[in-house]
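Next come the chains, spelled out residue by residue.
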Amino acid sequence: MGMTMTQKILAAHAGLQTVEAGQLIEADLDLVLGNDITSPVAIHEMDKMKTGGVFHKDKIALVMDHFIPNKDIKSAEHCKCVREFACKHDITNYFDVGDMGIEHALLPEKGLTVAGDVIIGADSHTCTYGALGAFSTGVGSTDMAAGMATGKAWFKVPSAIKFNLIGTPSKWVSGKDVILHIIGMIGVDGALYKSMEFVGEGVKNLTMDDRFTIANMAIEAGGKNGIFPVDELTAAYFKSHTKRPYTVYEADEDAEYEEEYTINLSELKPTIAFPHLPENTKTIDEIQEDVVIDQVVIGSCTNGRIDDLRCAAGILKDRHVKKGIRCIVIPATQKIYLQAIEEGLIQTFIKAGAVVSTPTCGPCLGGYMGILAAGERCVSTTNRNFVGRMGHVESEVYLTSPAVAAASAITGKISAPAELGL
């Protein structure tokens, strides 16, 4: 029996000719990632190991992004811990204020993630890098510590689900709508510990930012990872972002998949995940009554990239956020922030009555920069809408694309751009 893309990558890193679903392997790591919340725990675990150092100072990335700039004393102490560790071990890829960004947007931008890599990160959305043809997955802080010390990790080889994408998305349908549609279809445990492999002629009609968004939310379906094949668009991305060599792995024709789905992108509509699970989806035309909101957040590791900001700015241009609505825009990295300034997007947001933040995870996890009070509703381009995710347990989060988020900021209720005549 043949192997999937994920299985081929894992086999190569385990020094094996073949692997099969369910097999336990030890694989070499190309990158170990941590942030300001998860890294201190891993660092303290490494102290217990008494290893004396890290396996490779160039293959560890420490990104201060969740509470940066620090929001309180505790977050400042966490960052100090990581900063001192990075200095002690001469970590090459340490990113702090002024050079940071939301980790899952920053690392591809810095050229640290390429096709064929095996990457672990002490953050569940590490699966983002599958957009580039890498195997990447989230782990706990203890596993991160072991990875930093040894450069290896244990895995159970996942089985796979194939998503065959066909067609071309319509104007206001993006990667966020694609993945919300899929999660709504299979549920939040529909891909539990499975590799979600996205293939088909429709892939070429998705931008890299679309693919990052889709891979980012594989975990919201329970997936071990999400992965895309490497095509001309991926190769062009590598050419403009890194000089690192990469390896392309393609699934065998006789690769085994537990399930297969065909999704016609041209049939998808703007999709919204209602509280309190990403699987609780409705298309815009299925909403029967006005869902009045208090806040809009456009950003995060899911939708804070330049395509997302361009989309939102295109809708907000020469329009204004409805009185009483708080609209918060968060570029995912410093580079994206600067590009948005140069393109005039930031001016558009401010003229429209939005506020623009430095890159941070901030409100996505209920950290800061937009916490919700009891009874408040937020339309957000983030990835989770669990009870209390962005603040009070009696608040509500509605997950949408940047297009729906921007339109909703203008109307004060969940809306599609078409309602604005766009």
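Remember, predicted model here, so these are calculated numbers, not experimental data. (Residues numbered from 1 in each chain as written. Predicted model: local features only at pLDDT ≥ 70, side-chain atom pairs only at ≥ 80, totals over all residues. Heavy atoms only, no water.)

J.: What's the story with the overall build of the chain in this structure? I'm lost.
T.: Each helix and strand in the chain was counted, giving 13 helices and 18 strands. Dimensions of the chain, computed from C-alpha atoms along their principal axes, come out at roughly 60 × 50 × 40 Å. Looking at the chain as a whole, 59% of its 422 residues are labelled buried. If you sum the accessible surface of the chain, you get close to 16200 Å²; carbon and sulfur atoms cover 51% of it. Looking at the chain, you have 38 positive and 53 negative side-chain charges, and the mean spots of the two groups are 5 Å apart. (Helix = DSSP H or I, 4+ residues; strand = E, 2+ residues; numbered from the N terminus. Buried < 20%, exposed > 50% of the residue type's maximum accessible area, 1.4 Å probe, protein only. Areas by Shrake-Rupley, 256 points an atom, 1.4 Å probe, with all protein chains shown as cover. Lys, Arg positive; Asp, Glu negative; His and termini not counted. Charge placed at Lys NZ, Arg CZ, Asp CG, Glu CD.)

J.: What should I look at first to understand the side chain of D210 in this one?
T.: With respect to the helices, strands and loops of the structure, D210 is situated in helix α7 (residues 208-216). Buried within the structure, D210 lacks any salt-bridge partner; its nearest side chain of opposite charge belongs to R211, at an N-O separation of 7.3 Å. Within the structure, D210 has its side chain in polar contact with the backbone nitrogen of G175 (distance 2.9 Å). (Salt bridge = Lys/Arg side-chain N within 4 Å of Asp/Glu carboxyl O. Polar contact = N/O pair within 3.5 Å; in protein donor to acceptor, adjacent residues only side chain to side chain.)

J.: Is there a simple way to think about the packing of aromatic side chains in this case?
T.: Each aromatic ring pair is specified by the distance between its two centres and by the angle formed by the two planes. Applying the stated criterion across every chain yields a total of eight aromatic pairs. Geometrically, the ring pair formed by F198 and F228 is stacked, given 5.0 Å between the ring centres and 20 degrees between the ring planes. With F198 in strand β9 (residues 194-199) and F228 in the loop between β10 (225-227) and α8 (232-241), this residue pair connects regions lying 30 residues apart in the sequence. The burial state of F198 is the same as that of F228; both residues are buried. Members of the aromatic cluster, connected to one another through ring pairs, are F163, F198, F228 and Y261. The ring of F274 carries the charged tip of K282 above its face, separated from the ring centre by 4.6 Å. (Phe/Tyr/Trp six-rings, centres within 6.5 Å; stacked < 30°, edge-to-face > 60°. Lys NZ or Arg CZ within 6 Å of the ring centre and 35° of its normal.)

J.: What am I meant to see in the sheet that holds strand β8 (residues 159-166) here?
T.: To summarise the sheet geometry, strands pair through backbone hydrogen bonds and adopt either a parallel or an antiparallel arrangement. The four strands lie next to each other as β10-β9-β8-β11, forming an open sheet whose pairing is parallel. The two strands at the open ends of the sheet, each matched to only one other strand, are β10 and β11 (259-264). Strand-to-strand twist across the sheet, computed as the mean angle between neighbouring axes with direction ignored, equals 20 degrees. Bridge analysis of β8 against β11 gives six bridges, and the strand direction is parallel. Each residue of the ladder has a partner; that of I161, found in β11, is E259. (Pairing = 2+ DSSP bridges. Axes fitted to C-alpha atoms, helices over the stretch in contact; angles between N-to-C directions.)

J.: What am I meant to see in the domain arrangement of the chain here?
T.: By convention, interface size is frequently given as the accessible area that disappears when the constituent parts associate. Partitioning the chain into structural domains gives domain 1 (5-264) and domain 2 (270-420). The centre of domain 1, based on its C-alpha atoms, is set 24 Å off from the matching centre of domain 2. With 37 residues of domain 1 at the interface, the matching set in domain 2 holds 39 residues. Per-residue buried area on domain 1 facing domain 2 is highest for I102, W172 and K176; these three make up 22% of the total on that side. (Domains from an automatic or database assignment. Contact = heavy atoms within 4.5 Å. Buried area = accessible area lost by both parts, 1.4 Å probe.)

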